Amino acid sequence: MNPLIESLRGKLIVSCQAYMGEPMRHPETMAQIARAAELGGAAAIRCQGLSDIAAIKGRVEIPVIGLWKEGHEGVYITPTLRHARACISAGSDVVALDATDRPRPDGRTFKETVEALRGETLVMADCSCMADVHRALEASCDIVSTTLAGYVPGGLAKTDGPDLDFLKEAVAAAGDVPVFCEGRIHTTDDAKAAMDAGAFAIVVGTAITHPTSITTWFANAIA
């Protein structure tokens, strides 16, 4: 197994992302949050956008999983080979790609994109269902993740917490390929449950790095 991936076994990866219009949407802010997460024990950082990738790569010593979101529908997580290569140039150690079979803006299939990147970077496949997992395995992706479970129209229903059933099925199918659990890990109990279900590593974003959401949870709880 690649040494970088092996270093993430049983560890926490923190997703540091802010979206258009949010107060924290600034590369330096994301870099500061990433560094704080590193000090807290994060083994890697997942982040989006070329400016954020570059800023975070310059601030932390742990690996950076980069992606580039463009658009809001269909394939928008690193949708083309050009996006992926730009993430590499910005400093990504691993590039995350949407692993669904939906059409991509450049006309390439997921497998064609992965094959073009072979030897250039490690690829993390963001999956929504078992069909995506099998597609990722057939393309020889380095990492499989449950990132998109519950977020693709017509796919798996959105669970309250991490989709542990999907995770277990993915782990069983993946063999030696690492499966990360990502999506709706909001508590330490969720994190432990994901590891107990066989996750190689877990990715936590909102519950650590999105204060607006966290504040809303507490405000609603006492309303």
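For the structure itself, look to the data block above.
Residues numbered from 1 in each chain as written. Predicted model: local features only at pLDDT ≥ 70, side-chain atom pairs only at ≥ 80, totals over all residues. Heavy atoms only, no water.

(A) Structural view of the sheet that holds strand E6 (residues 143-145). Taken in spatial order, the eight strands of this closed barrel run E1-E2-E3-E4-E5-E6-E7-E8, and their pairing is parallel. Geometrically, the sheet is characterised by an average inter-axis angle of 25 degrees between neighbouring strands, direction not taken into account. Relative to strand E5 (residues 122-126), strand E4 (residues 94-98) is paired through five bridges, and the arrangement is parallel. The residue bridging Val95 from the neighbouring strand is Val123, located in E5. Here helix H2 (residues 27-40) sits on the sheet in contact with strand E1 (12-16) and strand E2 (44-48), set at roughly 165 degrees to E1. The sheet strands contacting helix H4 (residues 81-90) are strand E3 (64-67) and E4, and the helix crosses E4 at an angle near 160 degrees. (Pairing = 2+ DSSP bridges. Helix = DSSP H or I, 4+ residues; strand = E, 2+ residues; numbered from the N terminus. Axes fitted to C-alpha atoms, helices over the stretch in contact; angles between N-to-C directions. Contact = heavy atoms within 4.5 Å.)

(B) Inspection of the pattern of salt bridges at higher detail. Summed over the entire model, instances satisfying the criterion amount to 12 salt bridges. With a shortest N-O distance of 2.7 Å, Arg46 and Asp126 are connected by a salt bridge. In this pair, Arg46 is assigned in strand E2 and Asp126 in strand E5, connecting sequence segments 80 residues apart. Under the relative-accessibility criterion, Arg46 is labelled buried at 2%. Note that Arg85 is salt-bridged to Glu120, the shortest N-O span being 2.8 Å. Separated by 35 residues along the polypeptide, Arg85 in helix H4 and Glu120 in the loop between helix H5 (110-117) and E5 bring together distant segments of the chain. In this structure Glu120 comes out as partly exposed when scored by relative accessible area, which is 37%. When salt bridges with common partners are traced through the structure, they connect Arg46, Asp126 and Glu182 into a single cluster. (Salt bridge = Lys/Arg side-chain N within 4 Å of Asp/Glu carboxyl O. Buried < 20%, exposed > 50% of the residue type's maximum accessible area, 1.4 Å probe, protein only.)

(C) Examining the packing of aromatic side chains more closely. In total, this model carries one aromatic pair according to the counting rule given. Where Phe180 meets Phe200, the ring centres are 6.0 Å apart and the plane angle is 15 degrees; that geometry is what we call stacked. Separated by 20 residues along the polypeptide, Phe180 in strand E7 (residues 179-182) and Phe200 in the loop between helix H8 (188-196) and strand E8 (201-204) bring together distant segments of the chain. Neither residue differs from the other here; Phe180 and Phe200 are each classed as buried. (Phe/Tyr/Trp six-rings, centres within 6.5 Å; stacked < 30°, edge-to-face > 60°.)

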